[in-house]
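The residues making up each chain are set out below.
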Amino acid sequence: MARRTVADEIGESLLRLPWWVNLILAAITYISLKYIPPAIEIQNPIIKAIVSSLPHFAGFFAVFLSIIALMSAIKAWQRGELLERQTSLKSIQQLTWKEFEYLIGEAYRRQGYKVKENFSNGPDEGIDLVLSKNSKIILVQCKKWLSGKVGVSIIREHLGVMVAHRANNGIVVCSNGFTDEAKNFAEKTRIELVGPKELVKLISSVQKKSNEKFEDLLELNQSQGTIGVNDSNACPKCGSPMVIRVAKRGAHKGERFYGCKRYPMCRGIRKI
């Protein structure tokens with residue numbers, strides 16, 4: 001494994017900053033190097049030569065920081081688009097493990113947390129994200145599992161990491177849920193478990209655009225009814241099962257109705 005250099009650390013630290021901060025740094029750096037050194041009177045000829053050469057590098061550092069700002073802006077846009085694209089638990093489960101971490105980080109960022117992502121290629125101690133808000137530190141571990149559930153051993157390990165890092169709280173996110181033993185253990189600790197249902201609520205609650213498919217899934221999790229294909233209330237367009245939905249806008253806002261389960265491919269509806 002390649003050893004990390006000081007340049008790597010500086011580059012990653014700058015990328016973690018908001019894009020506008022890097023733009024401000026670019027402006028400050030340019031002004032500082034371009035106009036301050038010539039105004040300084042220095043007697044030592046060696047130091048004077050070094051200082052007098054600094055204005056020549058002002059443009060280079062300003063361009064470098066501007067490029068970092070652009071990269072930071074693109075990264076922020078990509079995180080936002082990744083979150084907005086999610087329409088169901090299935091779409092979340094189809095993400096790569098790194099995209100899953102980015103998605104969770106963006107969700108908490110929109111909740112007002114400062115989010116630090118783990119860029120390291122080495123052992124992460126089970127820390128994928130570090131959240132900070134109101135002087136509290138929360139360690140997050142993300143598990144994008146398609147089969148099997150997170151067991152109690154992982155929760156115990158996360159608690160140990162929390163204690164070692166003196167974190168206030170911990171969160172374990174899993175796209176496929178937790179065992180009962182893991183849930184019972186977590187209840188006695190400062191660890192929050194975010195399973196499939198909680199994950200859907202987390203993502204949908206911070207999306208800027210209303211996502212009806214997510215809303216349907218939430219309604220199904222709340223055990224609202226499904227109309228079978230053999231009932232008289234099957235979809236009038238395709239004959240598929242129908243689910244109970246609530247109108248989110250328009251003249252019928254707040255009213256319940258049956259909508260085709262295949263929405264948006266099919267837009268069949270029936271009155272209740």
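Going by the structure above, here's the rest.
Residues numbered from 1 in each chain as written. Predicted model: local features only at pLDDT ≥ 70, side-chain atom pairs only at ≥ 80, totals over all residues. Heavy atoms only, no water.

A. Up close: the overall build of the chain. Looking only at helices and strands, the chain has ten helices and nine strands in total. Counting only residues that meet the buried cut, the chain has 38% of its 272 residues in that class. Counting only contacts in the chain whose residues sit at least 6 apart along the sequence, the fraction spanning at least 24 positions is 52%. For the chain, the exposed surface amounts to about 16,500 Å²; the carbon and sulfur share of it is 57%. (Helix = DSSP H or I, 4+ residues; strand = E, 2+ residues; numbered from the N terminus. Buried < 20%, exposed > 50% of the residue type's maximum accessible area, 1.4 Å probe, protein only. Contact = heavy atoms within 4.5 Å. Areas by Shrake-Rupley, 256 points an atom, 1.4 Å probe, with all protein chains shown as cover.)

B. Main features of the nonpolar core. In this structure, Ile104, Tyr108, Leu131, Val140, Ile171, Val173 and Leu199 are the most contacted members of the largest nonpolar core, which totals 24 residues. Those elements that place two or more of their residues in this core are helix H4 (58–84), helix H5 (89–93), helix H6 (97–110), strand S2 (129–133), strand S3 (136–143), strand S4 (169–174) and helix H9 (196–206). Not counting residues up to four positions away in its chain, the partners in contact with Val173 are Phe100, Ile104, Val140, Gln141, Cys142, Lys143, Phe178, Val194 and Leu199. Among the nonpolar cores identified, the runner-up in size contains 15 residues, and Val150, Ile154, Val161 and Ala167 belong to it. (Core = buried A, V, L, I, M, F, W, Y, C linked by side-chain atoms within 4.5 Å.)

C. Representation of H6 within the structure. Here H6 is 14 residues long and its end C-alpha atoms lie 20 Å apart, about the 20 Å a rise of 1.5 Å per residue gives. Along H6, the residues that are buried comprise Phe100, Glu101, Leu103, Ile104, Gly105, Glu106, Ala107 and Tyr108. Positioned one or two residues after H6, Gly112 has a phi angle of 100°, which is positive. (Expected span 1.5 Å × (residues − 1).)

D. Representation of the pattern of salt bridges in the model. For the structure shown, the criterion picks out six salt bridges. Put simply, Arg79 and Glu117 hold a salt bridge, and the shortest N to O gap is 3.2 Å. A residue pair is termed long-range when its members are at least 10 positions apart, and Arg79 in helix H4 and Glu117 in strand S1 (residues 114–117) qualify at 38 residues. Judged by relative accessible area, which is 8%, Glu117 ranks as buried. For the salt bridge of Arg109 with Glu117, the shortest nitrogen-to-oxygen distance reads 4.0 Å. Its relative accessible area of 33% is what places Arg109 among the partly exposed residues. It is possible to trace a salt-bridge network through shared partners that takes in Arg79, Glu84, Glu106, Arg109, Arg110 and Glu117. (Salt bridge = Lys/Arg side-chain N within 4 Å of Asp/Glu carboxyl O.)

E. Quick peek at H4. When the terminal C-alpha atoms of H4 are compared, their 39 Å separation across 27 residues agrees well with the 39 Å that a helix rising 1.5 Å per residue should span. Every buried residue of H4 is listed here: Ala58, Ala62, Leu65, Ile68, Ala69, Ser72, Lys75, Arg79, Gly80, Leu82, Leu83 and Glu84.

F. Looking closely at the sheet that holds strand S5 (residues 191–194). What the five strands build is an open sheet, ordered S1-S2-S3-S4-S5; its pairing is mixed. At either margin of the open sheet sits one strand with a lone partner, and together these are S1 and S5. With strand direction ignored, the average angle separating the axes of adjacent strands in the sheet is 20°. The sheet contacts of H6 involve S1, S2, S3, S4 and S5, and relative to S1 the element is tilted by about 165°. (Pairing = 2+ DSSP bridges. Axes fitted to C-alpha atoms, helices over the stretch in contact; angles between N-to-C directions.)

G. Broad picture of the packing of aromatic side chains. Considering all chains together, one arrives at two aromatic pairs under this definition. Centre to centre, the rings of Phe60 and Phe61 are 5.3 Å apart; their planes meet at 75°, and the pair counts as edge-to-face. Ring geometry for Tyr108 versus Tyr113: centroids 5.9 Å apart, planes at 85°, classification edge-to-face. On the basis of relative accessible area, Tyr108 is assigned to the buried category, the value being 5%. (Phe/Tyr/Trp six-rings, centres within 6.5 Å; stacked < 30°, edge-to-face > 60°.)

H. Representation of the environment of Leu129 within the structure. Within the secondary structure, Leu129 is located in strand S2. Spatially, the C-alpha atom of Leu129 lies 6.6 Å from that of Val115, the residues being 14 residues apart in sequence. The residues touching Leu129, leaving out its near neighbours within four places in the chain, are Glu101, Ile104, Gly105, Val115, Lys116, Glu117, Ile138, Leu139, Val140 and Cys142.

I. Region of the structure containing the layout of surface pockets. Approximately 430 Å³ is the volume found for the largest pocket. Along its surface, the largest pocket is lined by 17 residues, and Arg16, Leu17, Pro18, Arg109 and Val115 are the ones closest to its centre. For the lining of the largest pocket, the secondary-structure elements that each account for two or more residues are helix H1 (6–16), H4, H6 and S1. The element that contributes the greatest number of residues to the lining of the largest pocket is H4, accounting for five residues. Among the residues forming the lining of the largest pocket, the class breakdown is eight nonpolar, one polar and eight charged. (1 Å grid on protein atoms, 1.4 Å probe; cavity = no way out; pocket = protein on both sides within 12 Å on 5 of 7 lines; lining within 4 Å. Points joined across faces, edges and corners; volume = space filled by probe spheres on them. Nonpolar A, V, L, I, M, F, W, Y, C, P; charged D, E, K, R; others polar.)

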